[in-house]
Amino acid sequence: MAIVLGPNRYGKAETRLVRVHRDGDTHRLVDLNVGVALSGDLSATHLTGDNAGVLPTDTMKNTVYAFAKQHGVGEPETFALLLARHFVETQGQVRSARVTVESFAWDRLGPHSFRRRGEHTRTTAVTVTREATQVVSGVTGLVLMNTTASEFHGFVRDRYTTLPETTDRILATAVDAKWRHLGDRADWGTSFEGAVDALTDAFVNTYSMSLQQTLMSMGTMVLTARPELAEIRLALPNKHHYLVDLSVFGLENENEVFLAGDRPYGLIEGTVTRDDVPPAAVEWYL
Ligand SMILES: O=c1[nH]c(=O)c2[nH]c(=O)[nH]c2[nH]1
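Computed from a prediction, not measured in an experiment: that's the story for all the values here. (Residues numbered from 1 in each chain as written. Predicted model: local features only at pLDDT ≥ 70, side-chain atom pairs only at ≥ 80, totals over all residues. Heavy atoms only, no water.)

Chemist: What exactly am I supposed to notice about the site of the ligand here?
Modeler: Taken together, Phe-152, Leu-163, Arg-169, Ser-210, Leu-211, Gln-212 and Asn-238 make up all the residues around the ligand. Between the ligand and Leu-211, the relevant distance is 2.7 Å, taken from an oxygen atom to a main-chain nitrogen or oxygen of the residue. Gln-212 is positioned such that a nitrogen or oxygen atom in its side chain is 2.8 Å from a nitrogen atom of the ligand. With the chains in place, 72% of the 290 Å² that the ligand exposes on its own is no longer accessible. (Near = heavy atom within 4 Å. Polar contact = N/O pair within 3.5 Å; in protein donor to acceptor, adjacent residues only side chain to side chain. Areas by Shrake-Rupley, 256 points an atom, 1.4 Å probe, with all protein chains shown as cover.)

Chemist: What should I look at first to understand the side chain of Ser-113 in this one?
Modeler: In this fold, Ser-113 is placed in strand β5 (residues 113-116). Judged by relative accessible area, Ser-113 falls into the buried class, the value being 1%. A distance of 2.6 Å separates a polar atom in the side chain of Ser-113 from a polar atom in the side chain of Asn-146. Ignoring sequence-local partners within four residues, the contact set of Ser-113 consists of Asp-107, Arg-108, Met-145, Asn-146 and Val-204. (Helix = DSSP H or I, 4+ residues; strand = E, 2+ residues; numbered from the N terminus. Buried < 20%, exposed > 50% of the residue type's maximum accessible area, 1.4 Å probe, protein only. Contact = heavy atoms within 4.5 Å.)

Chemist: What's the story with the environment of Lys-69 in this structure? I'm lost.
Modeler: Along the polypeptide, Lys-69 turns up in helix α2 (residues 57-71). Sequence spacing of Lys-69 and Leu-246 is 177 residues, and the spatial spacing of their C-alpha atoms is 8.6 Å.

Chemist: Looking at this structure, how should I read the confidence of the model for the protein?
Modeler: Do not read the fine detail of predicted coordinates wherever pLDDT is low. The pLDDT averaged across the protein works out to 98; a share of 100% of its residues lies at or above 70. In the model output, the complex is listed with pTM 0.96 alongside ipTM 0.99. (pLDDT = per-residue confidence, 0-100.)

Chemist: Sorry if this is basic, but what is going on with the pattern of salt bridges here?
Modeler: When their charged atoms lie close together, side chains carrying opposite charge are able to pair. Under the defined criterion, the tally for this structure stands at 11 salt bridges. With a shortest N-O distance of 2.9 Å, Arg-117 and Asp-107 are connected by a salt bridge. With Arg-117 in the loop between β5 and β6 (121-128) and Asp-107 in strand β4 (residues 106-110), this residue pair connects regions lying 10 residues apart in the sequence. For Asp-107, a relative accessible area of 26% gives the class partly exposed. Here the salt bridges do not stand alone but share partners, grouping Arg-180, Glu-231, Arg-233 and Glu-283 into one network. (Salt bridge = Lys/Arg side-chain N within 4 Å of Asp/Glu carboxyl O.)

The structure is reproduced here in structure tokens:
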């Protein structure tokens, strides 16, 4: 009996690419999850450890980002074909390149503001005691992005701080919010829609120096627009988008090509209240 190597392939999975195409102040956004898998004459690395035919998976990831800059990204099929052909044409040992793309759709909210397509979730928690009734409504999974109009600088630097200061970055979050109603009678549907619109408008229209400042602006806008509400609690993950360093390939990256990180993420939490209303009758949590 002999043990032999069967079918095999290798590549880079889940390269998270966000490409911003800037046409003046109007931006176009492409958000992809790209997979690359190559197969061909790759027995040597498995059998002897000879890596002479192994294009590093790290290079595949770099190629995705570099091509996004050089060629732009339109339809996912076009981008996938470009990449797959590149690997087959430039790597003699590669017989087959499989490129998979998941595209995440974003709906436009403004020239450089977007909402991730898909339903957010409306939440409600009512608490009834002998003395009081409390209604808390909320939303989760409302995913928003501004591709500019966000800065972050002037922060503390200690010996462990490496974050560069920036005057132009992506700001993205998945809004998790709950708000307490003053009474137990309201036009609940209108109130919910109005609160979500206020949250969204504030995110879109706040020129942000920090997500903390945006949080305050969102809370303020909701309480200003909705007099039936007493208080809002917000938990805003800072969905980081890392500018990819393309200078090593002789390419400039003027806030066009980003790695969309999933974890860790900043988490900015805060409560915004009216100061002229009774406090909550029962304790509640976001
Ligand atoms: O808006 C931000 N607030 C922070 O507190 C923070 N910290 C960080 O690393 N990036 C950011 N961004």
